[in-house]
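Notes for the structure review
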Amino acid sequence: MKMGKLVDDNTALVDKLKQFRQEHGELTARMDKHMAASRQLSTEQAVLQESLEECKGSKSLSLENEELLWKLQNGTLCSPKRSPTSPAIPFQSPWNSGSFPSPSVSHSDDLPGSQRQTDGVSAGLTPPATAHRLP
């Protein structure tokens, strides 16, 4: 009777062992899938982080470009010869307006020892925005 009980217990334990091994295999497979997904997500995160940094740089350049265009349109970014009381020249592309820059008048008194072209304001001309030089 004891022997029959031990055989039954042993059979039950063997069945449980098979069940636990099967569950272990399934859990190991799930862990492997999760690790692969985690690696893929980490890679995607790195790519997205790099893309975000590029976008931030582009946004910064875009904002700087808008600021410079605004300054150019409002006359705060112009040649050093222009007086603060002269009116602002509206931004207009010479290519879209059908007009091209007129020959500029040179003034030898702009910079000592050199000749520099002015933007034509002193000659009574309205130059395109591209004629302005940064100081």
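Here the structure is shown first, and the text comes after it.
Residues numbered from 1 in each chain as written. Predicted model: local features only at pLDDT ≥ 70, side-chain atom pairs only at ≥ 80, totals over all residues. Heavy atoms only, no water.

Turning next to the overall build of the protein. Along the protein, the regular secondary structure elements total 2 helices and 2 strands. Each helix and strand of the protein, ordered N terminal to C terminal, gives the series α-α-β-β. For the protein, with 135 residues in total, the buried portion stands at 13%. Residue pairs in contact within the protein that sit at least 24 positions apart in sequence constitute 40% of those at least 6 positions apart. Carbon and sulfur atoms make up 59% of the accessible area of the protein, which totals about 11,300 Å². (Helix = DSSP H or I, 4+ residues; strand = E, 2+ residues; numbered from the N terminus. Buried < 20%, exposed > 50% of the residue type's maximum accessible area, 1.4 Å probe, protein only. Contact = heavy atoms within 4.5 Å. Areas by Shrake-Rupley, 256 points an atom, 1.4 Å probe, with all protein chains shown as cover.)

Let's shift gears to helix α1 (residues 2–73). For α1, spanning 72 residues, the distance from its first C-alpha to its last is 102 Å, which sits close to the expected 106 Å at 1.5 Å a residue. Positive phi shows up at G75, right after α1, with a value of about 80°. (Expected span 1.5 Å × (residues − 1).)

Moving on, we come to a nonpolar patch on the surface. A cluster of nonpolar side chains, M3, L6 and V7, forms an exposed patch at the surface whose accessible area comes to about 330 Å². Topologically, L6 is positioned in helix α1. (Patch = residues over 30% accessible without salt bridge, like charges linked within 9 Å, V, L, I, M, F, W, Y side chains within 5 Å. Salt bridge = Lys/Arg side-chain N within 4 Å of Asp/Glu carboxyl O.)

This brings us to the pattern of salt bridges. For the coordinates displayed, the defined rule picks out 1 salt bridge. The closest approach of N and O atoms between E67 and K71, which form a salt bridge, is 3.3 Å. Of this pair, E67 and K71 both sit in helix α1, 4 residues apart, roughly one helical turn. Owing to a relative accessible area of 28%, K71 belongs among the partly exposed residues under this scheme.

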